Amino acid sequence: MDAVLSTPLLRRSELGERDVDRHRLDILVRDGSLIRIRAGVYVEATATARLRPEEWIVLRARALALVSVEPPLFSHQTAAALHGLPLYRPDAQRVHVILDERRRGGMAQTVRHRGAVGPGDVVDLAGLRVTSMVRTMSDIARTCDFETAVCTLDGALRALATTTARTYDADKAAAAIALALATSRRSAHGGARAARALAFADGRAQLPGESISRIRIAEMGLRPPQLQVRVPSPSGSSYYLDFGLDDAGVWGGVRRAREVHRTRRAVRPVSRAGAPRREAA
């Protein structure tokens, strides 16, 4: 994430100072050397070769801030990306902002949200105004579909409740859920949706694929799985499987979130030699 926050963005005026006129700019965009992030803002293609969708969202947020008269307040999926949280099947073309109720007008490639913002709802991240982690959890839980919300909420709880010793603090997670739920109740919309997603969230799921697996397992009517199941090895170290289904006699992991998405009607846990996470004794 640090790299994408420092990736140089080029304004049209800066390119002009480098003797890149409109004709030359069109050529550079057509041949893929430059990528247009939004009107008047570009980035060199070599800097974007391995960007994840969340990182594209961060770039677009930075581009909007660069051309805005007043600093925007980034929220929802964009705030999640800026906090380094995972997003499930994100729209990497648009950014989300919260605007004052009195402001009118539209902005290209921007999703505008209305709503009150409390004094503790805003933080500074790399010079950008962003909704706090708890406010972001609340907004995601209220407005996103269940799968998207759970993936991001699991990531948020993992960030907030994982200790320096790499253990999961359930009390910290419960406190964050309670704060996000209380924040969601300040809005007239999405309260029931938020309550459902927050009740299901579990920061022990380490990747979106594991979050989606938990949802599929619940849809099948099985009991909630154990997460990060410790398996001792003969050498004295430990391996960790993504989940264990004691009632089904199945333990394993997930390769990719999209693989789970393709198998909505059947969960196919995977155990692979050498695949579980390993921790030294």
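What comes next concerns the included structure. Owing to the predicted nature of the structure, the values given are computational and were not obtained by experimental measurement. (Residues numbered from 1 in each chain as written. Predicted model: local features only at pLDDT ≥ 70, side-chain atom pairs only at ≥ 80, totals over all residues. Heavy atoms only, no water.)

A short note on unusual backbone geometry
Backbone phi values are negative for most residues with the exception of glycine, while trans is the configuration of most peptide bonds. Applicable threshold: Every helix listed is a DSSP run of H or I at least four residues long, and every strand listed is a run of E at least two residues long, numbered separately from the N terminus. Any residue under 20% of the maximum accessible area for its type is buried, any over 50% is exposed, and the rest in between are partly exposed; the area is computed with a 1.4 Å probe on protein chains only.
Located in the positive-phi region is His 76, a residue other than glycine, with phi close to 50 degrees. Examined against the element boundaries, His 76 turns out to sit in helix H5 (residues 76-82). The class for His 76 is buried, based on a relative accessible area of 2%. In this structure, Ala 126 takes a positive phi of about 55 degrees despite not being glycine. Relative to the helices and strands, Ala 126 is located in the loop between strand E7 (122-125) and strand E8 (128-131).

Here's the deal with the packing of helix H7 (residues 146-161) against helix H9 (residues 191-200)
The condition that has to hold: Helix axes are fitted only over the stretch in contact, all axes being lines through C-alpha atoms; the angle between N-to-C directions runs from 0 to 180 degrees. An angle below 35 degrees is treated as roughly parallel, one above 145 as roughly antiparallel, one from 65 to 115 as roughly perpendicular, and anything else as oblique. Should the near helix be turned counterclockwise from the far one by less than a right angle, the crossing is left-handed, whereas a clockwise turn marks it as right-handed. The contact criterion used is simple: two residues touch if any of their non-hydrogen atoms lie within 4.5 Å. Residues are grouped as follows: Ala, Val, Leu, Ile, Met, Phe, Trp, Tyr, Cys and Pro are nonpolar; Asp, Glu, Lys and Arg are charged; every other residue, Gly included, is polar.
Between H7 and H9, the shortest axis-to-axis distance is 9 Å and the interhelical angle comes to 45 degrees. Taken together, the axes of H7 and H9 are oblique relative to one another. Between H7 and H9 the crossing geometry is right-handed. Listed contacts from H9 to Phe 146, Ala 149, Val 150 and Leu 153 of H7 are Arg 196, Ala 197, Leu 198 and Phe 200. Residues that form the contact of H7 with H9 fall into these classes: seven nonpolar, no polar and one charged.

A short note on helix H10 (residues 208-219)
Stated formally: In this scheme, a helix's expected span is set at 1.5 Å multiplied by one less than its residue total.
Spanning 12 residues, H10 covers 17 Å between terminal C-alpha atoms, matching the ideal 16 Å at 1.5 Å per step. Looking at H10, one finds that the buried residues are Gly 209, Glu 210, Ser 211, Ile 212, Ser 213, Arg 214, Ile 215, Arg 216 and Ile 217. Backbone geometry just downstream of H10 places Gly 221 in the positive-phi region, at approximately 85 degrees.

Let's talk about the nonpolar core
Here is the rule we go by: Here, the term nonpolar core denotes a set of buried Ala, Val, Leu, Ile, Met, Phe, Trp, Tyr and Cys residues that are joined through side-chain atoms within 4.5 Å.
Formed by 50 residues in total, the largest nonpolar core has its most connected members in Ile 37, Leu 59, Phe 74, Leu 82, Met 137, Leu 153 and Leu 198. Contacts of Ile 37, omitting those with residues within four sequence positions, involve Tyr 42, Val 43, Trp 56, Leu 59, Arg 60, Ala 63 and Gln 109. Membership of the second largest hydrophobic core comes to seven residues, among which are Leu 25, Leu 28, Leu 34 and Tyr 42.

Description of the sheet that holds strand E4 (residues 73-74)
Put simply, the rule reads: Here, strands pair whenever DSSP counts at least two bridges between them.
If you walk across this open sheet you meet the five strands as E6-E5-E4-E8-E7, and the pairing is mixed. Of all strands in the sheet, those with a lone pairing partner are strand E6 (110-114) and E7, marking the two edges. Its contacts with the sheet put helix H4 (residues 53-67) on E4, strand E5 (95-99), E6 and E8, and the angle it makes with E5 is roughly 45 degrees.

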